[in-house]
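Each chain is listed here by its residues.
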Amino acid sequence: MDDPRLAINGGPKAVTDDLPEIYPGGMRIGEEEIAAVTDTLRTKRLFRFYGPVEGPSKVEAFEVAAAQVMGTKHALAVNSGTAALCIAMAALGIGPGDEVIVPAFTWVSSAAAATTVGAQPVVADVDESLTLDPTAIEARITDATKAIVVVHMRGVPADMDAILEVANRHGIPVIEDTAQAFGASYKGRRLGSMGTLGTYSLQFNKIITCGEGGLVVTNDTDLYERAQMFHDVAAIEELDRPDRFVATVSRMSELQGAVIGEQLKKLEPILADCRRHGRTIVERTADVVAAAGCRSAVENDPEGLAGISKIWLAPDAATAQWVAEALSAEGCEARALFTPSASDLHDASHWGPLHEGVSWRGKSFREMDAAAWGRSDEILGRAIHIDVMPDLTDAQVDQVVEAVTRVFGAVAEKS
Ligand SMILES: *Cc1c(COP(=O)(O)O)cnc(C)c1O
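Counting restarts for each chain, with residues numbered from 1 along the sequence as it is written. Thresholds applied to this predicted model are a pLDDT of at least 70 for local features of residues and 80 or more for the giving and counting of side-chain atom pairs; totals over whole chains, interfaces and linings are not thresholded and use all residues. Note: side-chain values were computed over all heavy atoms of the structure, leaving out hydrogens and water.

Caption draft 1: Here's a closer look at the overall build of the protein. A run of H or I in DSSP counts as a helix once it spans at least four residues, and a run of E counts as a strand once it spans at least two, with each numbered from the N terminus. Along its length, the protein carries 13 helices and 15 strands. Reported as C-alpha extents along the three principal axes, the dimensions of the protein are approximately 70 × 50 × 40 Å. Across the 415 residues that make up the protein, the buried fraction comes to 56%. As displayed, the protein has an accessible area near 16900 Å², and 52% of this comes from carbon and sulfur atoms. A positive count includes Lys and Arg, and a negative count includes Asp and Glu. His and the chain ends are not counted in either. The atoms used to mark charge sites are NZ of Lys, CZ of Arg, CG of Asp and CD of Glu. With 37 positive and 60 negative side-chain charges, the protein shows a separation of 3 Å between the mean positions of the two kinds. Any residue under 20% of the maximum accessible area for its type is buried, any over 50% is exposed, and the rest in between are partly exposed; the area is computed with a 1.4 Å probe on protein chains only. For every accessible area listed, the method is Shrake-Rupley and the probe measures 1.4 Å; residues are considered covered only by the protein chains on display.

Spelled out as structure tokens, the structure:
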């Protein structure tokens, strides 16, 4: 590990190119999105439900296409992934006094959405796939549990068969937070389509994007109408049902709809490119990674991965930290997924105000005990993560392979 040829020790970098920015769909914005936005502006129809021109809106067209891709009966476009989570919870009738189980590794929004609707987030461990551990759920279930939020982190499917088995046995709805895995699948079914409701983010960092945006999918027409009412205060004018209610506004605008409609058409090529690069990196580095005493994180369905990341597990956190630093020094940006001192809102240990049970109403929830997800931090601390972007060239993939080979090779020599 003190090999002078490594960049971390002053040697030349393995990755000499500037690798693509980590915005998969964002970096593929092109003439198609520009034309769609321009068309929207020319017609002056900026609102999905009406405007100077009649006919189907771009938001609605996106919903129809998204439902088809996901294989669900309904899709509702909204203005963020966080809003989508709140809407899914509200559709299920979740509120004060209720509990929502969330994994320890997820963007803070999964837990914040619960507090936003007035419910108590309850953290459960992740396993070595870095997604919700099906065996950790049961111990967190109480009479107050009203939903389990499964999060397909970094494009990796959670173990849906086992999770749905536990959820169904207890009669608890599952919300699939698919913000980081749009289009990925599990055993041939799209992520987000297997739970009671699925949610997605279309924020700029996600697989396809319109800057800000979100999506809710479900096969349940009753939940879909409730989601409509929570996201559009005027929806009751169209809905005739005994449990009508008014709530808030999280509608998607036509400008967002214009962009995301074009992005959706680019989904499959983006996924295909990520998956191809990921496979190359894995195949060409498997031996050296194993020789270093490391291995790939668990992949519940290797065929279904979105492919936007590659994650390895080291035997201990110190090795993971060193590998991440050494890879970054080589020009291949890497990080360990949990560093106690480095604040990161993707880990429950860094969810500040939620630990104290504080919301905009001051202290309004139970405090959280980090001991409840100690196993997650131990696993995340050993996890080494790199992004895999669709726009990598073959030469750049070669350079990444070289970086991985050099760095894990140095660990192998030491061990
Ligand atoms: C990004 C993200 C969200 C929130 O989406 P926004 O569109 O930023 O509100 C929720 N959950 C996960 C796992 C995310 O990665």
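The structure having been displayed, the exposition proceeds.
Caption draft 2: Summary view of the sheet that holds strand β15 (residues 383-387). Whether two strands pair comes down to DSSP finding at least two bridges between them. Pairing within the open sheet is antiparallel, and its four strands lie in the order β10-β11-β15-β12. Single-partner strands in this sheet number two, and they are β10 (295-296) and β12 (334-336).

Caption draft 3: Representation of the site of the ligand in the model. Being near a molecule or strand, for a residue, means having at least one of its heavy atoms within 4 Å of it. Around the ligand sit 16 residues, and of these Gly 81, Thr 82, Asp 177, Ser 201 and Lys 206 come closest. Pairs of N or O atoms within 3.5 Å make up the polar contacts considered here, provided that, within protein, one atom can donate a hydrogen while the other can accept it, and that residues adjacent in sequence are counted only when both atoms are side-chain atoms. Separating a nitrogen atom of the ligand from a side-chain N or O atom of Asp 177 is a distance of 2.7 Å. One of the side-chain N or O atoms of Ser 201 is found 2.6 Å from an oxygen atom in the ligand. Its free accessible area being 380 Å², the ligand has 92% of it covered by the protein chains.

Caption draft 4: Representation of the nonpolar core within the structure. Here the nonpolar core consists of buried residues drawn from Ala, Val, Leu, Ile, Met, Phe, Trp, Tyr and Cys, with membership extended through side-chain atoms lying within 4.5 Å. In terms of nonpolar packing, the biggest core is built from 49 residues, with Met 89, Val 100, Val 123, Leu 130, Val 149 and Trp 351 touching the most fellow members. Taken together, the elements giving at least two residues each to this core come down to β1 (74-78), α3 (81-91), β2 (99-103), α4 (109-116), β4 (145-151), α7 (221-231), β11 (309-313) and α12 (374-381). Among the elements that line this core, the one with the most residues is α3, at nine residues. Residues are treated as being in contact if the distance between any of their heavy atoms lies within 4.5 Å. Apart from residues lying up to four places away in sequence, Val 100 is in contact with Met 89, Ile 94, Ala 114, Ala 119, Gln 120, Pro 121, Val 122, Ala 147 and Val 149. If you look at the next biggest cluster of nonpolar residues, it comprises 46 residues, including Leu 132, Val 166, Ile 172 and Ile 207.

Caption draft 5: Molecular detail of the packing of helix α9 (residues 267-291) against helix α13 (residues 394-414). As a rule, the C-alpha atoms of each element are fitted with a line to give its axis, helices using only the stretch in contact, and angles between N-to-C directions run from 0 to 180 degrees. Contact pair α9 / α13: the axes reach a minimum separation of 9 Å and the direction vectors enclose 15 degrees. By the angle class used here, α9 and α13 are roughly parallel. Our pair here, α9 against α13, has a crossing hand that is right-handed. Of the residues in α13, those in contact with His 277, Thr 280, Ile 281, Arg 284, Thr 285, Val 288, Val 289 and Ala 291 of α9 are Asp 394, Val 397, Asp 398, Val 400, Val 401, Val 404, Thr 405, Phe 408, Gly 409 and Ala 412. Of the residues contributing to the contact of α9 with α13, the split by class is ten nonpolar, five polar and three charged. Comment on the angle field: the value is read as roughly parallel under 35 degrees, roughly antiparallel over 145, roughly perpendicular from 65 to 115, and oblique elsewhere. When the near helix sits turned anticlockwise from the far one by under a right angle, the crossing is termed left-handed; a clockwise turn instead gives a right-handed crossing. Only Asp, Glu, Lys and Arg are considered charged in this grouping, and only Ala, Val, Leu, Ile, Met, Phe, Trp, Tyr, Cys and Pro are considered nonpolar; every other residue, Gly among them, is considered polar.

Caption draft 6: A look at helix α10 (residues 317-329). The span one expects for a helix is its residue count, reduced by one, times 1.5 Å. For α10, built from 13 residues, the straight-helix expectation of 18 Å at 1.5 Å per residue is met to within 8% by its first-to-last C-alpha distance of 18 Å. Among the residues of α10, Thr 319, Ala 320, Trp 322, Val 323, Ala 324, Ala 326 and Leu 327 are the ones counted as buried. Considering only its buried residues, α10 is in contact with β12, α12, β15 and α13. For α10, the capping residue at the N-terminal end is Asp 316, with a side-chain oxygen 3.2 Å from the backbone nitrogen of Ala 318. Following α10 by one or two positions, Gly 331 has its phi on the positive side, about 100 degrees.

Caption draft 7: Seen up close, unusual backbone geometry. Positive phi, normally seen in glycine, also occurs at Lys 44, with a value near 60 degrees. Following the sequence through the fold, Lys 44 ends up in the loop between α1 (31-43) and α2 (58-70). Among the residues examined, Lys 44 registers a relative accessible area of 61% and is labelled exposed. Phi at Arg 154 is positive, roughly 55 degrees, even though this residue is not glycine. Assignment of secondary structure puts Arg 154 in the loop between β4 and α6 (160-170). Look at Arg 154 and you get buried, because its relative accessible area is 14%.

Caption draft 8: View of the packing of aromatic side chains. Between 30 and 60 degrees the pair is tilted, below 30 it is stacked and above 60 it is edge-to-face, where a pair is any two Phe, Tyr or Trp rings, Trp via its six-membered ring, whose centres lie within 6.5 Å. Scanning the model with the defined rule gives five aromatic pairs in all. Between the aromatic rings of Phe 47 and Phe 49, the centroid separation amounts to 5.7 Å while the plane-to-plane angle is 75 degrees, which identifies the pairing as edge-to-face. On the basis of relative accessible area, Phe 49 is assigned to the partly exposed category, the value being 43%. Clustering of aromatic rings is evident, with ring pairs tying together Phe 47, Phe 49 and Tyr 50.

Caption draft 9: Summary view of the sheet that holds β2. Strand order in the open sheet formed by seven strands is β1-β9-β8-β5-β4-β2-β3, and the pairing between neighbours is mixed. The open sheet has two edge strands with one neighbour each: β1 and β3 (120-124). Ignoring which end each strand starts from, the neighbouring axes of this sheet average 20 degrees apart. As paired elements, strand β8 (residues 197-201) and strand β9 (residues 214-218) share four bridges and run antiparallel to each other. The residue bridging Tyr 200 from the neighbouring strand is Leu 215, located in β9.

Caption draft 10: Molecular detail of α1. Relative to the 18 Å expected for 13 residues at 1.5 Å per residue, α1 spans 18 Å between its end C-alpha atoms, a close match to the ideal helical length. Those residues of α1 not exposed but buried are Glu 33, Ala 36 and Thr 40. All buried residues of α1 fall inside an arc of 65 degrees around its axis, so they share one side. Away from its buried face by more than 90 degrees, α1 exposes Glu 31 and Arg 42. Buried residues along α1 sit in contact with α2 and α8 (254-265). In the stretch just after α1, Lys 44 is the one whose phi turns positive, near 60 degrees. Picture the helix axis, draw a direction to every C-beta atom, and the arc is the one those directions span.

Caption draft 11: Structural detail: the side chain of Thr 106. As for its position among the elements, Thr 106 is in the loop between β2 and α4. Excluding anything up to four places from it in sequence, Thr 106 contacts Val 151, Met 153, Asp 177, Leu 345, His 346, Asp 347 and Trp 351.

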